[in-house]
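# Chain and residue survey
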Amino acid sequence: MTLPNSSDLIGTDKLEQQLLANGNGNGRKAVTNDEMQKAVRTLLTELGEDPDREGLRDTPKRVSKAWQFLTSGYNQSLEELLNGAIFTEDSHEMVLVRDITLFSTCEHHMLPIIGHAHVAYIPNGKVIGLSKIARICDMFGRRLQVQERLTGQIANALQEVLQPEGVAVVVEATHMCMVMRGVQKPGSWTTTSAMRGVFADDPKTRHEFMSLIRHNPQFH
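Remember, it's a predicted structure, so these values are computed and weren't measured experimentally.

Glancing now at the overall build of the protein. Summing up its helical and strand segments, the protein has nine helices and seven strands in all. Counting the 220 residues in the protein, one finds 41% classified as buried. Accessible surface computed for the protein: about 12600 Å², of which carbon and sulfur atoms make up 52%.

Attention now goes to helix α9 (residues 203-214). For α9, built from twelve residues, the straight-helix expectation of 16 Å at 1.5 Å per residue is met to within 8% by its first-to-last C-alpha distance of 16 Å. Looking at α9, one finds that the buried residues are Thr205, Phe209 and Ile213. Considered in projection along α9, the buried side chains sweep an arc of 70° and stay on one side of the axis. Turned more than 90 degrees away from the buried face of α9, the exposed residues are Pro203, Lys204, His207 and Arg214.

The tally for this structure, following the rule as stated, stands at four salt bridges. The closest approach of N and O atoms between Arg98 and Asp99, which form a salt bridge, is 2.6 Å. Classification of Asp99 as partly exposed rests on a relative accessible area of 33%. Of the charged contacts, one joins Arg149 and Glu107 as a salt bridge, the two residues approaching to 3.0 Å between their closest N and O atoms. In this pair, Arg149 sits in helix α6 (residues 147-162) while Glu107 sits in the loop between β2 (95-106) and β3 (112-122), placing the two residues 42 residues apart along the sequence. Judged by relative accessible area, which is 16%, Arg149 ranks as buried. The exposure class assigned to Glu107 is partly exposed, which follows from its relative accessible area of 26%.

Taking strand neighbours across the sheet as the criterion, the five strands line up as β5-β2-β3-β6-β7 in an open arrangement whose pairing is mixed. Two strands close off the open sheet at either side, each with one partner strand: β5 (144-145) and β7 (190-197). Here β2 runs beside β3; their pairing, made up of nine bridges, is antiparallel. Its bridge partner being in β3, Leu102 is matched across the sheet by Gly115. Relative to the sheet, α9 contacts β2, β3, β6 (166-175) and β7, its axis offset from that of β2 by approximately 70°.

One non-glycine residue, Met110, lies in the positive phi region at around 55°. Given a relative accessible area of 43%, Met110 falls into the partly exposed group. A positive phi angle, near 50°, is found at Gln184, a position not held by glycine. Inspection of the secondary structure puts Gln184 in the loop between α7 (176-179) and β7.

Three- or four-residue spacings in an α-helix give side chains the same orientation, since the helix completes a turn every 3.6 residues. End to end, helix α3 (residues 59-70) covers 16 Å across twelve residues, agreeing with the expected 16 Å (1.5 Å per residue, within 8%). Taken together, the buried positions of α3 are occupied by Thr59, Pro60 and Ser64. Seen from one end, α3 has its buried residues packed into an arc of 130°, which puts them on one side. Projecting away from the buried face of α3 at angles above 90 degrees are the exposed residues Lys61, Arg62 and Lys65. Considering only its buried residues, α3 is in contact with α2 (33-46).

Right, let's talk about the packing of aromatic side chains for a bit. Counted under the stated rule, the structure contains one aromatic pair. With centroids separated by 5.9 Å and ring planes inclined at 75°, the aromatic side chains of Phe199 and Phe209 adopt a geometry described as edge-to-face. One end of the pair, Phe199, is in helix α8 (residues 198-201); the other, Phe209, is in helix α9, and ten residues separate them in sequence. Of the two residues, Phe199 and Phe209, both sit in the buried class.

For the rest of this paragraph, the subject is the packing of α2 against α3. The geometry of α2 relative to α3 is characterised by a closest axis approach of 8 Å and an angle of 120° between their N-to-C directions. Taken together, the axis directions place α2 and α3 in an arrangement best described as oblique. Pair α2 / α3 crosses with right-handed handedness. From α2, Asn33, Met36, Gln37, Val40, Arg41 and Leu44 reach across to α3, where they touch Thr59, Pro60, Lys61, Val63, Ser64, Trp67 and Gln68. For the contact of α2 with α3, the per-class residue count stands at six nonpolar, five polar and two charged.

What counts, and at which threshold
- Residues numbered from 1 in each chain as written.
- Predicted model: local features only at pLDDT ≥ 70, side-chain atom pairs only at ≥ 80, totals over all residues.
- Heavy atoms only, no water.
- Helix = DSSP H or I, 4+ residues; strand = E, 2+ residues; numbered from the N terminus.
- Buried < 20%, exposed > 50% of the residue type's maximum accessible area, 1.4 Å probe, protein only.
- Areas by Shrake-Rupley, 256 points an atom, 1.4 Å probe, with all protein chains shown as cover.
- Expected span 1.5 Å × (residues − 1).
- Arc of directions from axis to C-beta.
- Salt bridge = Lys/Arg side-chain N within 4 Å of Asp/Glu carboxyl O.
- Pairing = 2+ DSSP bridges.
- Contact = heavy atoms within 4.5 Å.
- Axes fitted to C-alpha atoms, helices over the stretch in contact; angles between N-to-C directions.
- Phe/Tyr/Trp six-rings, centres within 6.5 Å; stacked < 30°, edge-to-face > 60°.
- Parallel < 35°, antiparallel > 145°, perpendicular 65-115°, else oblique.
- Left-handed = near helix turned anticlockwise from the far one by under 90°.
- Nonpolar A, V, L, I, M, F, W, Y, C, P; charged D, E, K, R; others polar.

Honestly, that's just the spatial picture; any functional story needs more than this.
The structure is reproduced here in structure tokens:
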């Protein structure tokens, strides 16, 4: 089974296509640690700070390392991530993984997006390892994002690799660009959804999914 590259999925935006065209084969242009650290030093200087003072001396190195992790999703592919964890199973009932902790980065201000994803699908002869659903969320989350695109990418990925009867994704998140700056509205949440197949076409199936994610189980 040959899986599509994560950047070839339905709904992929032009930015990702440009990254692939200009990149080094792994989804983005190669940037050295030295270049990233110099950029951080420049930022600190322009903010009026002394990048050579004790507290900031290693900050460029730390920031470079942090951003490489926070954007590591650009360097992942679905085929590598899934690693064969798709199995034949005669199941046609809903599979739901809810409350998947999700971290991403707003592409407009490069500030955190923090929330949860609820992901469901109805198998059509194939099932996926449950942990892989969370890993798919992480892969797309570890990129510069808008929540609308992130939600669709998760749904499209599962639709492509499983060809299920349907996929449903709801993401609930708070955006630090709304909390820490600008409108400054702590406590505000944004909810986005992506419905594919039977979840889009059948109101009863969609209602079942929405009812299940409203339930608040307590796990200890």
